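Fold and geometry: a report
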Amino acid sequence: MKHSTLTAIAVTLSVVTGAHADWAQTQNEAKGQTVYFNAWGGSEATNAYIAWAVKEAKARYGIDVRHVKITDSAEVVKRVQTEVAAGRTTEGSIDLTWVNGENFRNLKNGGLLFGPWAQSLPNWGLVDLNKPVRTDFSVPTDGYESPWGTAQLTFITDSAKTPAPPRSATELLAFAKANPGRVSYPKPPDFHGTTFVKQLLLELTPDKAVLQQAVTPAAFASATQPLWAYLDQLHPSLWRNGKTFATSAAEMHRMLGDGELKLSITFNPNEAANLIASKQLPSTATSFGFTGGTIGNVHFVAIPVNARAKAGAQVFANFLLSAEAQTRKADVTVWGDGTVLDVAKLPAASQALLRKTAPGALAEAVPTLPEPHASWVEALEAEWLKHYGSR
Amino acid sequence: MLTIKNLRISHAGKSGKPLFSGLSLAVDPGEVVTITGVSGSGKSTLLNWMIGDLDPNFKATGELWLNDVRCDTLPIEARHMGLLFQDDLLFPHLSVGQNMAFALPARICGAKVRRQRVEQTLSSMGLADFHDRDPATLSGGQRARVSLMRTLLAEPQALLLDEPFSKLDAVLRTQFRAFVFEQIERQGIPTLLVTHDPADVPQGGRVIDISDWQHSHV
Amino acid sequence: MAQTLRLTLERPLPRPAQSWTWTPRLWLAVLPVLLIFGPLLPGLYWALAPAFDAEVWQALWLDAQWPQALRATMISSVLSTVLACAIAALLATLHYPGRLWTRLQRRLPLLLSVPHAAFAVGMFFLIAPSGWMARATAQFLQWTSPPDWVTVQDPYGLSLTLALAIKESWFLLWVLAAVLGEQAVSRQMVMGRSLGYSRTQTWALILWPQLLPRLVWPVMAVFAYGLSVVDMAVILGPSTPPTLAVLIWHWLTDPDPMFQARGSAASLVLLAVLLVCAAGARGLGWLWIRRRPYPSGQRTPASNWRWFKLHSLLFATGYAVVAVLLLWSVAQGWFFPALLPDAVSLASWQQADWTPFWTTLWLALAACLLCLPAVLLWLEWGPKRLNALLYLPLIVPALPLVAGQYAVLLQTQLDGTAVALVWSHLLWVLPYMVLTLIGPYRAFDARLMTSARALGNSPWRACLSVKWPMLLRPILATLAVGFAVSVAQYLPTLFAGGGRFVTVTTEAVALSAGGNRRVLAVQALLQIALPLAAFGLAAAAGHWLGRHRTGLR
């Protein structure tokens, strides 16, 4: 008995010290590396936070992170695919990428990701495992991506002009008909637009359970039939009669500020607060969600299989997962993106910071609906484009 | 009868330095008056004013009368003055005949009739089958003659010649000069000739040096 | 600089009999050009080869987006070219020769230095439903929210057409100004009028028939640009579906090789459209010449059109664009329908990201400085007959060329490097620099060179100490042009840079999809500032360096 305990302790110790030794080696390797971090650049708050993280990474770990702004993670998938297909298996142009959902699935299934590595990060111990950090749109991550933050689909409106915003899909339809030309959403495959469509699907579909499994043509047809019927009714009342759509969520915020639209969409419940602070929205802007809940997810960072600076990428990812970085990220005056860490494991000061609120941010607790399976995304986007992609 | 009354051309702008002032001149029909002077003395500027194309860097006061019609207030196209430069300026995109037909007055109407007229004129110059030729294929002397006839076909009431012979060689020069003066005499048009070559002056023609009107004081 | 272009558009001199001996000097001249153009050939093959597959064409045919994309492209490019020509022609006919024309000419370089993307951004700020014009109208009509006008990103590409037409009309005016500066032309005008025809008639009967053939290549360049423009189309053009050029760009950068092949096939369609339209225009021109009636001698009196202040409108647009950009760059909270910002501050400038600016600066400097020796060597010792080949990148739509470059870079694993980025820009900087310099170069008095050689100098020394220093002003102008061209490049930066390098142009286009107009305005203004500074520097340097030598100025 003593033997086995001792052995167990020894093994654990060796594993732990081994892991520590491994990590020390990784950190050493990372020093001086240049890490190309491809991340969506459509929000100034996000970009400012990443700029801060870049500075910290340089100061603490000596890694030179470059934020490559992209409009859609699908571009990353394309780039890695092309590079690997062209035989570029070691000197890839992307070292770390902000990704989730169907893009992650495409990368993983294509064998285009390095890993597993996420669970060997020192800060993995802080992660709240009750959050869906190990499956991404029902696809298991298997340690190929490291969680970064949480997001929830949130709507923004100007409370001065719209005191009673719609709180469900049906109310939205009525609202759009009452305010013709004042509602829009970004065109899929923009991920805000896709998520909006997914949100409607979740509310309108008869059997929600089927969405959590891989898509089949039969299931798709029956599940999405009410969605297309709804959209057919909705589109004529939309901005530009649904013939053109807003270019991006950021553009929708601007249109909301000018009064061209009455509603805007974001993934960040604190986006409105950020925008009010930077005077891009009037101070009467507020965030709200649907009473039945809105889609929420966890977003991750992943390392392509042909990344040049794998060590640097891991060190940076670990930093992003640290208590300090996560707290600052969740600070509503900085970015306001939800943390993936277990709040109980954080110091008290951080916990207080996480409870800060700002005018315009989402004040109510909106239930989180789970994302459908990743395979539904592409099917939805393709079908949407077929129905509404051109006149 | 071409008359200039009290012409003063000076530089526009504050300095207002005059090129010449107090120039008065009368040219009888069929007479060729030659204006000479050193380079840069304003001979071409004088002609430009007369045709109506004075450079905006100059300003002018004075009157121009042609056959009892005051011309200096009219645009170029209303003055009925013919012009000949050193370059023949035949329009390269038109044939020789079309160049000449361009100048023919509109009262000769009908393409056939106009063409006939042009061909007649060409024959009389010794260029009988040149109607459809490209002007670029003509020799220097031929082009000069076509250019003159084109100007004359427009039935101008006065003729201004700005060093028209200077680009021709000695032999051609004599021939063309004689041709020009013959045409002028035949049509009885008052003509002003600007040149710096004294050999260009016609027999017994008046010669005026522009420096007569250029005083050292204002 | 107008003089340089005028000399370029002159009729070609009769070619001397040339014997081709591959002297080392010829190699020296040809090598840089080969380096720039050469890799394009295999690149084009790799890029366009996937398109030679029936399935790809079938997929393209079945794709629901191409008919409207093609329609938008055709409307925007054909209509904008025609409009630009009409505007330039109208202005020339109305105001040449005259004081206004000289004034117009002097102000053109200022307007020309506004790059396309910045101009599109400014137009967007002006004519969008929440733009300045709508706000001005809202003040009168008491609107509280923006009207439901489709003034930008309309499905037929009309706003894109308008912006293209205005921008290209300045370019065509500049070309026209160069040609009209010739004494022969002004004398023809006087001659025509002395024969009794009014200005407009002289223009129609004498000047236009001669000038139009000389404007064929600039007009074709304008048309090719309109066909392949992506940055302006992203900002002002339709989005569902976008113009064909934008569609091709999306397809070429798509992960799926099927879509990439479709993009290649569509690039070939663009090329075909160019050829068909060019042939059609040629045919129309030929017909028009054939059916020219015999000169009837009809003289119609001049009609007074001078009240039509088209030039004011044109220039006002240019100034308005810059003004609205300036306003947005200093605005703090500016919502519809306010005519002026609620508050002004320099915050946007202080917080601005200057990285794109510096990147653009070193990139453009590298491009124009590298090109200059190549241009000089080519013009001096290069085969003169092959000049037309150098101009190809100007009259061929940019997309297939960029795709070819990208294919080469991928194969050599050089994409995303600074070297590759500079190299990709050279393909467009070189032709423009040659175009700008060839006129003065050809007009250089050959006897000066002979004298220099007779004094015992080698050709090399003669060039270095006599010819090139004497061509100082044209060379400086050429450098400025090359600089401006590099600043304005969009697609090469995106493809060859692999998304690693952000220039003010790519940043401006990327930001145009976002909602923050202030940041966008700052980047657009930076984009304008760079070529403006280059032209100003070139002019100042020319004056200063020639301060003791009147003959150089």
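Here goes a summary of the coordinates provided.

Counting its regular elements, chain B contains five helices and nine strands. For chain B, the sequential pattern of α-helices and β-strands runs β-β-β-α-β-β-β-α-α-α-β-α-β-β. Over its C-alpha atoms, taken along the principal directions, chain B stretches across nearly 55 × 35 × 30 Å. Burial status across chain B gives 51% buried among its 218 residues.

A word on the interface of chain C and chain A. Listed by partner, the interface residues are 43 residues for chain C and 40 residues for chain A. When chain C packs against chain A, the two sides together hide about 3,400 Å² of surface, and 43% of this comes from carbon and sulfur. At the boundary of chain C and chain A, one finds two salt bridges. The salt bridge partner of Asp148(C) is Arg240(A), with a shortest N-O separation of 3.1 Å. For the pair chain C and chain A, the interface holds ten residue pairs in polar contact (both at pLDDT 80 or more). Every element with two or more residues in the side of chain C that touches chain A is listed here: helix 21 (398–411), helix 27 (504–512) and helix 28 (517–545) of chain C. Broken down by element, the side of chain C that touches chain A gets its largest block of residues, three residues, from helix 28 of chain C. Per-class residue counts for the side of chain C that touches chain A are 17 nonpolar, 17 polar and nine charged.

It is worth spelling out the interface of chain C and chain B at this point. It is common to give the size of an interface as the accessible area that goes away when the parts come together. Listed by partner, the interface residues are 27 residues for chain C and 31 residues for chain B. Roughly 2,600 Å² of surface becomes buried between chain C and chain B when both sides are summed, with 65% attributable to carbon and sulfur atoms. Contact with chain B buries area across many residues of chain C, yet Arg187(C), Met191(C) and Tyr294(C) alone supply 27% of it, more than any other trio. Seen at the junction of chain C and chain B, the total is two salt bridges. Here Arg193(C) makes a salt bridge to Glu77(B), at a shortest N to O gap of 2.8 Å. Of all the secondary structure elements, the ones that give two or more residues to the side of chain C that touches chain B are helix 10 (183–194) and helix 11 (199–214) of chain C.

Looking now at the nonpolar core. The biggest cluster of nonpolar side chains holds 235 residues, and the ones touching the most others in it are Met50(B) and Leu430(C). No other element matches the 14 residues that helix 9 (residues 158–180) of chain C contributes to this core. Ignoring any residue separated from it by four or fewer positions in sequence, one finds Leu430(C) in contact with Val33(C), Ile36(C), Phe37(C), Cys371(C), Ala374(C), Val375(C) and Leu390(C).

Glancing now at helix 5 (residues 170–187) of chain B. Residues and elements named next belong to chain B. Here helix 5 contains 18 residues, and its C-alpha end-to-end distance of 26 Å stays within 8% of the 26 Å for a straight helix at 1.5 Å per residue. Buried residues of helix 5: Arg-173, Phe-176, Arg-177, Phe-179, Val-180, Phe-181, Gln-183 and Ile-184, and no others. For helix 5, the side-chain oxygen to backbone nitrogen distance between the N-cap and Val-171 is 3.2 Å, and the N-cap itself is Asp-169. Looking one or two residues beyond helix 5, the residue adopting positive phi is Gly-188, at roughly 65 degrees.

By contact count, the leading pair among the two pairs of chains in contact is chains A and C. The two units chain A and chain B never meet; even their closest C-alpha atoms stay 49 Å apart.

Turning our attention to the packing of aromatic side chains. The geometry of an aromatic ring pair is captured by the separation of the ring centres together with the interplanar angle, meaning the angle of the planes. Applying the stated rule across the entire model yields 44 aromatic pairs over all chains. Through a chain of ring-to-ring contacts, the aromatic side chains of Phe37(A), Tyr49(A), Trp52(A), Tyr61(A), Trp98(A), Trp148(A), Phe316(A), Phe319(A) and Trp335(A) assemble into a single cluster. Its end group placed over the ring of Phe315(C), Arg107(C) keeps NZ or CZ at 5.1 Å from the ring centre. When the ring centre of Trp334(C) is taken as origin, the NZ or CZ atom of Arg135(C), which lies over that ring, is 5.1 Å away.

Here the focus is unusual backbone geometry. Residue Pro116(A) is reached from Gly115(A) by a cis peptide bond, and omega for that bond is 0 degrees. Of note, the bond from Phe336(C) into Pro337(C) is cis; its omega dihedral lies within 30 degrees of zero at -5 degrees. Positionally, Pro337(C) belongs in the loop between strand 1 (331–332) and strand 2 (343–344). Even without being a glycine, Phe137(A) presents a positive backbone phi close to 55 degrees. Looking at where Phe137(A) falls in the secondary structure, it is placed in the loop between strand 4 (135–136) and strand 5 (139–140). The phi dihedral of Glu155(B) is positive, around 55 degrees, even though this residue is not glycine. By secondary structure assignment, the location of Glu155(B) is in the loop between helix 4 (140–153) and strand 7 (158–162).

Residue and element names in this part refer to chain C. A cluster of nonpolar side chains, namely Trp-22, Trp-27, Leu-31 and Leu-34, defines an oily patch on the protein surface of about 430 Å² accessible area. Residue placement: Leu-31 occurs in helix 2 (residues 24–37). Classification of Leu-31 as partly exposed rests on a relative accessible area of 44%.

Here the focus is the packing of helix 5 (residues 66–95) of chain C against helix 11 of chain C. All names here are of chain C. Between helix 5 and helix 11, the shortest axis-to-axis distance is 9 Å and the interhelical angle comes to 120 degrees. Taken as axis vectors, helix 5 and helix 11 run oblique relative to one another. Here helix 5 runs over helix 11; the crossing is right-handed. Contacts between helix 5 and helix 11 involve Ala-89, Ala-92, Thr-93, Leu-94 and His-95 on the former and, on the latter, Arg-199, Thr-200, Trp-203 and Trp-208. In terms of residue class, the contact of helix 5 with helix 11 is made up of five nonpolar, three polar and one charged.

Quick look at the sheet that holds strand 8 (residues 263–266) of chain A now. All names here are of chain A. Here we have three strands laid out as an open sheet, ordered 8-7-9, and antiparallel in their pairing. In this open sheet, the two edge strands, each paired with only one partner strand, are strand 8 and strand 9 (285–288). Direction aside, the axes of adjacent strands within the sheet are offset by 30 degrees on average. Here strand 7 (residues 154–158) runs beside strand 8; their pairing, made up of four bridges, is antiparallel. Among the inter-strand pairings, Ile-156 is bridged to a residue of strand 8, identified as Ser-264. Each of strand 7 and strand 8 touches helix 8 (residues 249–258); the most contacted strand, strand 8, lies at about 150 degrees to it.

What follows is about the packing of helix 6 (residues 191–204) of chain A against helix 7 (residues 217–234) of chain A. Residue and element names in this part refer to chain A. Packing of helix 6 against helix 7 leaves a shortest axis separation of 9 Å and a crossing angle of 115 degrees. Considering the relative orientation of helix 6 and helix 7, their crossing is right-handed. Residues Val-197, Leu-200, Leu-201 and Leu-204 of helix 6 form the contact with helix 7, whose own contacting residues are Ala-223, Thr-224, Pro-226, Leu-227, Tyr-230 and Leu-231. Of the residues assigned to the contact of helix 6 with helix 7, the class counts are nine nonpolar, one polar and no charged.

What counts, and at which threshold
- Residues numbered from 1 in each chain as written.
- Chains lettered and ligands numbered in written order.
- Predicted model: local features only at pLDDT ≥ 70, side-chain atom pairs only at ≥ 80, totals over all residues.
- Heavy atoms only, no water.
- Helix = DSSP H or I, 4+ residues; strand = E, 2+ residues; numbered from the N terminus.
- Buried < 20%, exposed > 50% of the residue type's maximum accessible area, 1.4 Å probe, protein only.
- Contact = heavy atoms within 4.5 Å.
- Buried area = accessible area lost by both parts, 1.4 Å probe.
- Salt bridge = Lys/Arg side-chain N within 4 Å of Asp/Glu carboxyl O.
- Polar contact = N/O pair within 3.5 Å; in protein donor to acceptor, adjacent residues only side chain to side chain.
- Nonpolar A, V, L, I, M, F, W, Y, C, P; charged D, E, K, R; others polar.
- Core = buried A, V, L, I, M, F, W, Y, C linked by side-chain atoms within 4.5 Å.
- Expected span 1.5 Å × (residues − 1).
- Phe/Tyr/Trp six-rings, centres within 6.5 Å; stacked < 30°, edge-to-face > 60°.
- Lys NZ or Arg CZ within 6 Å of the ring centre and 35° of its normal.
- Patch = residues over 30% accessible without salt bridge, like charges linked within 9 Å, V, L, I, M, F, W, Y side chains within 5 Å.
- Areas by Shrake-Rupley, 256 points an atom, 1.4 Å probe, with all protein chains shown as cover.
- Axes fitted to C-alpha atoms, helices over the stretch in contact; angles between N-to-C directions.
- Parallel < 35°, antiparallel > 145°, perpendicular 65-115°, else oblique.
- Left-handed = near helix turned anticlockwise from the far one by under 90°.
- Pairing = 2+ DSSP bridges.

Limitation: the analysis is restricted to geometry and does not speak to function.
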